[in-house]
Amino acid sequence: MLAAAVLVVSALLLAVAAGVAAVRRPWPQVDGRVQLDMLDRPVDIHRDGFGVAHIYADTVDDLFTAQGYVHAQDRFWEMDVRRHTTAGRLSELFGEDQVATDRVIRTMGWRRIAEQELALLQPESVRILQAYADGVNAYIGDRAPGAIAFEYSVLGLQRPAYRPEPWTPVDSLAWLKAMAWDLRGNTEDESARVAYTETLTPAQVEQLWPPFPFELRAPIIDDRPAAAAATPPPATAVADARRLVTRLSDQLAAMPDLLGPAGSGLGSNSMIVAGKKTASGLPLLANDPHLAPTLPSIWYQMALHCRTVSPACPYTVTGSSFSGLPGIVIGHNARIAWGFTNLGPDVADFVLERVDGDRYEHQGDMVELDVRNETIRVAGGDDVQITVRSTRHGPLLSDAVESLSTVAERAPAADGEDDLAVALRWTALLPGTTFDALSALNAAADFEEFRAAAALFEVPAQNLVYADVDGTIGYQAPGRIPLRAPGDDGRWPVPGWTGAHEWQGFVAFEDLPWIRDPDEGFIVTANQPVTADGGGPLLSRDHAYGWRSQRLHELLRDADELTVDDLLAVQFDARNGLAATLVPLLTGLDVPANVEASRDLLVGWDGQQTADSAAGAYFAAFWRHLLLRTFADDLPPDTEINAGGRWMEVVRRQVAIPAASWWDDRSTPAVERRDDILRAALIDAHREVSDLLGDDPNAWRWGALHTLTLRHPTLGSSGVGPIERLFNRGPVRVGGGSSIVDATGWTATEGYEVDWVPSMRMVVDLSNFDGSRWIDLTGVSGHAFSPNYTDQVQRWAQGGSIPMRWSTLAVSAASTGQLTLEPAPGS
């Protein structure tokens, strides 16, 4: 993000002049005493050897003030970049390269919505947000930027006058919009379907998004009648929208992946096991959210304890938090545990608009656009003025893409309209009360209070899972989910001018699916459908395809006497669900003699793609080349093909049709059939892996191909080696893969590098909270070279874990530092 020449100079100057002192200067104080004016009573902060903080306070204000202080100690650079991102102000930090991103985020108005949300929250939530902001500001105070984070020392060589602004409650709320953006549902699928019509018919496109196979895999709440057919695209949508929506999606794809890749491939796992299937007789709750790998990790492990829990101070809770946001997002308190996986409801639509100047058509009338002007400040450059226009459906995202300013040149409408634009209709652009939900969830004591908190949870809609110390397990689907017009299912862009595709309201909370204490004794959520089609309100038709969820069912269905260690092992399971379908076909093929030793790795293979698996390496390479040979000739040029569950389901269906047209290679005069392509992919894979790992197939290892490089989200992709080496770590060899329980995703058109991960793993033991375990992708610290910057990475990669301590005795015994924050004299 910074100019390359400046970064080279920065690296050299910092290495020579500043040295170790500049790197260590921002590390947090973890012992001793610090006086803060706003505190009422002393606050104790214990840290263990992994830097995990347990905060003990007497009042709500003091507790969240201390949380803000601790977050800022370890992660303020991350927090500052996040708030610049959500406000559309990255250009102020990093210059003109970020103007395009800022333009898109300003057009959506994330911060404007957050400002409106603050006025809707309960007084207790506002109080928490303000106390948290006070703590952040007490830490940054009058510190020089370089004393807050080493990144400011690098930034300062280009922007020496930069000083962080005070933190505000709106800065925290705006991060919820970033969460909602990266978990927004099916807009990536929606735009991809339109893009594919450049070379395919709509019927062919539908084959590449097959219906969920309910006959093979269970929804979360198992109520499986016959599945309904998908709705075909509106007649006017495909021809008018193809290039417009495709180019728009290209622009959106360039935005930061703050949490992970969008679309139906994004996922997470959760397992809740009732006491009748555990060794202790009380539930276990396991959760591992799958998000983009970042350094530091997206999560921050910590605990918040009111010394005396009472209505005046009801919080005692531990788990994974987001820096910049008060409270705990996933974890447990003294009574309940909870986790999240992405529900994936369709909460966003692309709406095509007929626009004429500052007016747009709706039901035959020309209506004035809502128009506002904004200024983007640019470090080292001139200000950029932008105009944001919106219809009744939402902001015109096509205005944020300069190449789409003259839409008629890009996507002429069938009836010869002068202009055509794309609006984003998205529930997150309506002010809501999700922060109230998080506060209520942290203090909930039973299933009814958990559901009451869930009723406030609007965006991003998540699968909420539950267990408590009384033995109850449960599930709730929350969220603001639109009710669409009859015949609409949200899978294709719709024309906005007709009035026939308006949302009809939102699904009432009491109509959203939930379950308590199912007879099976366990609940699995892994982004599969919540119910079978027809089993409740339509939430979405774009889901994960159940490869992970069904494997979890297989591992839990007949198990009993389960322990924390058992669920940790399940989370690390690496079996490829498609191997059982493909391997018998592959081992029966004739292949060239030089490929036989490679192919024979698959004979007797158990399908486990562990990091040390030779067969796993070869099968992954085969899978990559199978996808490229089968589909690359049919799709528009440069189409990204990931290695995940949708493509696995497409191939599972097509291998049963040896003469299916997909097998034919359009670039050759011959007509290829299934076995021709399978054989060619085996040969391609042999050639590639031999080039990369040597000629001995038995020495191949999946982890040697499938590596994770942890990159700093700003300075780690500068293109300047010295800077990247300061902040990045890796590569790390890992196992697993796309749509595998150990979900380390990769993209077939790019190679084998990991591009999404289990961002943390957690197993909570409701019979003994001190027996719970967890692991973070990286570590709690955001400071490069801190002992806690990447101290959890190797354990994470090997399926290990660390204690998730709870009791005062366990915390005290493991404490390696105690910092006391105390009121300043006279305050």
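Our structure's up above, just so we're on the same page.
This write-up is about the structure you can find in this document.

Rules behind the numbers
Per chain, residue numbering runs from 1 following the sequence as it is written. Per-residue local features are limited, in this predicted model, to residues with pLDDT of at least 70; the limit for side-chain atom pairs, both in listing and counting, is 80 or more; totals at the level of whole chains, interfaces and linings are taken over all residues. Hydrogens and water molecules were not included; the side-chain quantities draw on all heavy atoms of the structure. Inter-axis angles, ranging from 0 to 180 degrees, are taken between N-to-C directions of lines fitted to C-alpha atoms, where helices are fitted over the stretch in contact. Secondary structure follows DSSP: runs of H or I at least 4 residues long count as helices, runs of E at least 2 residues long count as strands, and numbering of each begins at the N terminus. Here is the rule for angles: anything less than 35 degrees is roughly parallel, anything more than 145 is roughly antiparallel, 65 through 115 is roughly perpendicular, and the remaining ranges are oblique. Each helix crossing is assigned a hand: it is left-handed if the near helix lies turned anticlockwise from the far helix by less than a right angle, otherwise right-handed if that turn is clockwise. Here, two residues are considered to be in contact whenever any of their heavy atoms come within 4.5 Å of each other. For this classification, the nonpolar set comprises Ala, Val, Leu, Ile, Met, Phe, Trp, Tyr, Cys and Pro, the charged set comprises Asp, Glu, Lys and Arg, and every other residue, Gly included, is treated as polar. For every residue, the accessible area obtained with a 1.4 Å probe (protein chains only) is divided by the maximum for its type, and the residue is called buried under 20%, exposed over 50%, and partly exposed between those limits. Here a polar contact is recorded for every N or O atom pair within 3.5 Å, except that within protein the pair must consist of a potential hydrogen donor and a potential acceptor, and residues adjacent in sequence are included only if both atoms are side-chain atoms. Salt bridges, as used here, are contacts in which a Lys or Arg side-chain nitrogen is within 4 Å of a carboxyl oxygen on Asp or Glu. Strands are treated as partners if at least two bridges between them are detected by DSSP. Space inside and on the surface of the protein is sampled on a 1 Å grid over the protein atoms alone, with a cavity defined as a set of points where a 1.4 Å probe fits but cannot get out and a pocket as an open set with protein on both sides within 12 Å along at least 5 of 7 lines; lining residues have an atom within 4 Å of a point. Grid points are joined across faces, edges and corners, and a volume is the space filled by probe spheres set on the points.

## With respect to the packing of helix α20 (residues 614-631) against helix α22 (residues 674-693)
So, step 1. Orientation of α20 relative to α22, taken along the N-to-C sense of each, is 125 degrees, at an axis distance of 8 Å. Comparing their axes, α22 and α20 come out oblique. Note on packing geometry: the crossing formed by α20 with α22 is right-handed. For the pair formed by α20 and α22, the contact residues are Tyr 618, Ala 621, Phe 622, Arg 624, His 625, Leu 626, Arg 629 and Thr 630 on the first element and Ile 677, Leu 678, Ala 680, Ala 681, Leu 682, Asp 684, Ala 685, His 686, Glu 688 and Val 689 on the second.
So, step 2. Residue composition of the contact of α20 with α22, by class: 11 nonpolar, 3 polar and 4 charged.

## Brief notes about the environment of Trp 700
So, step 1. Examined against the element boundaries, Trp 700 turns out to sit in the loop between α22 and α23 (702-705).
So, step 2. A residue is classified by how much of its surface remains accessible, and Trp 700, at 0% relative accessible area, is buried.
So, step 3. Separated by 10 residues in sequence, Trp 700 and Ser 690 have C-alpha atoms that sit 8.6 Å apart.
So, step 4. If sequence neighbours within four positions are ignored, Trp 700 has contacts with Ser 598, Leu 601, Ser 613, Ala 614, Ala 617, Tyr 618, His 686, Val 689, Ser 690, Leu 693 and Gly 694.
So, step 5. At 2.8 Å, the side chain of Trp 700 forms a polar contact with the backbone oxygen of Gly 694.

## Concerning the pattern of salt bridges
So, step 1. Overall, the coordinates contain 47 salt bridges when judged by the stated rule.
So, step 2. For Arg 33, the salt bridge is made with Glu 822, and the minimal N-O distance between the two is 2.8 Å. One end of the pair, Arg 33, is in strand β1 (residues 32-36); the other, Glu 822, is in strand β29 (residues 817-823), with 789 residues separating them in the sequence.
So, step 3. Close ionic contact of Glu 502 with Arg 392 constitutes a salt bridge, the shortest N to O distance being 3.6 Å. Of this pair, Glu 502 sits in the loop between β20 (494-495) and β21 (514-516) while Arg 392 sits in the loop between β15 (384-391) and β16 (394-395), placing them 110 residues apart in sequence.
So, step 4. A relative accessible area of 52% means that Arg 392 is categorised as exposed.

## Details of the sheet that holds strand β17 (residues 421-426)
So, step 1. As summarised here, the arrangement of the 3 strands in space is β17-β10-β20, forming an open sheet in which the pairing is mixed. One side of each edge strand has no neighbouring strand; the edge strands of this open sheet are β17 and β20.
So, step 2. As paired strands, strand β10 (residues 348-353) and β17 are joined by 6 bridges and run antiparallel to one another. Note on β17: the bridge partner recorded for Glu 353 is Ala 421.

## Brief notes about the sheet that holds strand β13 (residues 365-368)
So, step 1. Taken in spatial order, the 3 strands make up an open sheet running β11-β12-β13, and their pairing is antiparallel. In the strand order of this sheet, the two ends are held by β11 (355-356) and β13, each with one partner.
So, step 2. With 4 bridges joining them, strand β12 (residues 359-362) and β13 adopt antiparallel strand pairing. When the bridges of β13 are listed, Arg 359 appears paired with Glu 368.

## Comments concerning the side chain of Gln 67
So, step 1. Considering the arrangement of structural elements, one finds Gln 67 in helix α2 (residues 60-86).
So, step 2. Those residues in contact with Gln 67 that lie beyond four places of it in its chain are Ile 55, Tyr 132, Met 302, Leu 304, Ser 321, Leu 325, Pro 326 and Gly 327.

## Re empty space enclosed by the protein
So, step 1. Taken as a whole, this structure holds 9 cavities of 30 Å³ or more when the rule is applied.
So, step 2. The wall of the largest cavity is formed by 16 residues, among which Leu 183, Leu 291, Trp 299, Phe 340 and Gln 462 lie closest to the centre.
So, step 3. Listed by contribution, the elements that provide at least two residues to the lining of the largest cavity are β5 (284-291) and β9 (336-342).
So, step 4. The element that contributes the greatest number of residues to the lining of the largest cavity is β9, accounting for 3 residues.
So, step 5. Within the lining of the largest cavity, the residues separate by chemical class into 12 nonpolar, 4 polar and no charged.

## Examining the environment of Ser 772
So, step 1. Tracing the backbone shows Ser 772 in the loop between β26 (760-765) and β27 (773-776).
So, step 2. Taking C-alpha positions, Ser 772 is 9.7 Å from Ser 801, a pair spaced 29 residues apart along the chain.
So, step 3. In terms of polar contacts, Ser 772 uses its side chain to reach the backbone amide nitrogen of Asp 765, at 2.9 Å.

Taken by themselves, the reported measurements are silent on function.
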